[in-house]
Amino acid sequence: MLLPLCKVRTTLLELSYMKLDTLITIIRTHHVTSMIVILFYMYIIFTKRFEKSSEPRSSKYKLKLPKTPHLTLYEKDIKNRQIFIIGDVHGCLEELEDLLVLANYESDKILLIFVGDLVNKGPHSVQTLRKVRELNAYAVRGNHEEIALVQYMTWWNGEVVTPRKCSWTTELNEDEVDFLQELPYTIEIPSKNALIVHGGIVPGVSLENQNLTHFISMRSLQTIGEKLIASPRTFIGKPWASFWSGPRHVYFGHDAARSLQQYPYATGLDTRCLYGGFISGIFLDSNKILQIRAKLVHQKPKIKTE
Ligand SMILES: *[C@@H]1O[C@H](CO)[C@@H](O)[C@H](O)[C@H]1NC(C)=O
């Protein structure tokens with residue numbers, strides 16, 4: 001027998017307010033009601049599932065998802081300019097400025113894209129952020145942009161304790177906080193077959209299904225059975241980029257310990273400027289890499305033994 005849908009819904013609502021023993025008595029005596037009960041549970045399971053799949057995604061820092069987590073750039077954005085992708089800056093503003101001079105940067109000829117970690121640890125976080133905005137550059141979010149946002153919110157909520165590396169966040173204005181909040185996890189440029197991310201990407205998983213924490217903090221992958229699993233430590237497993245076989249060429253940062261990485265379909269650009277290494281940039285069309293040596297060791301590198 002068929003019931004009109006609205007009738008089913010009303011019955012379900014009534015049933016959901018009923019006591020369990022009343023419900024059992026009814027099931028014993030009415031087969032039709034039993035059918036409805038089954039439908040009711042199916043309905044519950046369905047809506048529960050739906051709730052789960054529509055849960056907002058977030059990385060381990062539990063931030064609100066930006067409006068555009070995966071940004072795509074088209075010719076209308078590129079406007080026939082060359083694309084120059086720059087590695088981790090960490091507040092090394094002077095080196096960044098020298099790199100722009102070396103690249104003969106002019107806003108109508110070159111479009112800049114940063115791989116994230118513009119801020120923290122180094123000398124000029126706020127000024128670097130302001131410079132990047134002034135340059136109308138694009139950037140993906142790094143783990144340090146997320147750490148900075150978390151710190152800003154803690155401070156804004158009235159907690160005074162701010163770790164020294166994040167004390168600059170109290171100088172941010174609302175626009176700058178918005179800028180950080182809206183940084184995408186990935187930037188894709190189909191016309192150049194390029195993809196930009198801060199940390200890494202697990203091969204074989206679509207961008208929408210990647211774990212957001214991996215986008216900002218993965219360095220290595222381990223093979224477990226047939227599966228590739230993000231490794232919790234840099235030197236357990238192999239560089240994620242060594243497993244990446246395209247089709248997009250990925251430009252990334254985050255792995256200062258390994259410094260410049262060059263694979264057929266991936267280029268790692270964190271060349272340790274903060275630790276007295278270099279700041280690096282690459283022109284997409286020619287693959288030409290430009291570097292500026294750090295003015296000084298802004299921070300002593302941690303010795304990693306594993
Ligand atoms: C994402 O990866 C992190 C780090 O590997 C892990 O702790 C977390 O559980 C993962 N999240 C999901 C939803 O799988």
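Shown above is the structure to which this text applies.
Description of the structure in this document. (Residues numbered from 1 in each chain as written. Predicted model: local features only at pLDDT ≥ 70, side-chain atom pairs only at ≥ 80, totals over all residues.)

As paired elements, strand S1 (residues 70–72) and strand S5 (residues 186–189) share 3 bridges and run parallel to each other. For His 70, the partnering residue across the bridge sits in S5 and is Thr 186. Pairing analysis gives 4 bridges linking S5 to strand S6 (residues 194–197), with the strands arranged antiparallel. Opposite Glu 188, over in S6, you have Leu 195 as the bridge partner. Taking the residues between adjacent antiparallel strands as the criterion, S5 and S6 are bridged by 4 residues, where Asn 193 takes a positive phi near 55 degrees. (Pairing = 2+ DSSP bridges. Helix = DSSP H or I, 4+ residues; strand = E, 2+ residues; numbered from the N terminus.)

Our focus in this paragraph is the sheet that holds strand S13 (residues 278–283). With mixed pairing, the 5 strands of this open sheet are ordered in space as S4-S3-S2-S13-S14. Either end of the sheet is taken by a strand with one partner, and the two such strands are strand S4 (138–139) and strand S14 (289–293). Pairing analysis gives 5 bridges linking strand S2 (residues 82–86) to strand S3 (residues 110–114), with the strands arranged parallel. Bridge pairing in S3 links Ile 85 to Ile 113. Taken strand by strand, helix H5 (residues 93–102) contacts S2, S13 and S14, and its axis lies near 140 degrees from that of S14. (Contact = placed C-beta atoms within 7 Å. Axes fitted to C-alpha atoms, helices over the stretch in contact; angles between N-to-C directions.)

In this section: the pairing of strand S7 (residues 220–224). As judged from the 2 bridges shared by S7 and strand S9 (residues 238–239), these two strands associate in the antiparallel manner. Within the sheet, the bridge partner assigned to Leu 221 lies in S9 and is Lys 238. Strand direction decides the pairing type here: S7 and strand S8 (residues 227–230), joined by 4 bridges, are antiparallel. Paired with Gln 222 across the bridge in S8 is Ile 229. The antiparallel pairing of S7 with S8 creates a hairpin that spans 2 residues between the two strands, and Gly 225 there sits at a positive phi of about 65 degrees.

A separate point is the sheet that holds S5. Pairing within the open sheet is mixed, and its 6 strands lie in the order S1-S5-S6-S10-S12-S11. Edge positions in the open sheet fall to S1 and strand S11 (261–263), since each of these has one partner strand only. Across the sheet, the mean angle from the axis of one strand to that of its neighbour is 15 degrees, orientation sign disregarded.

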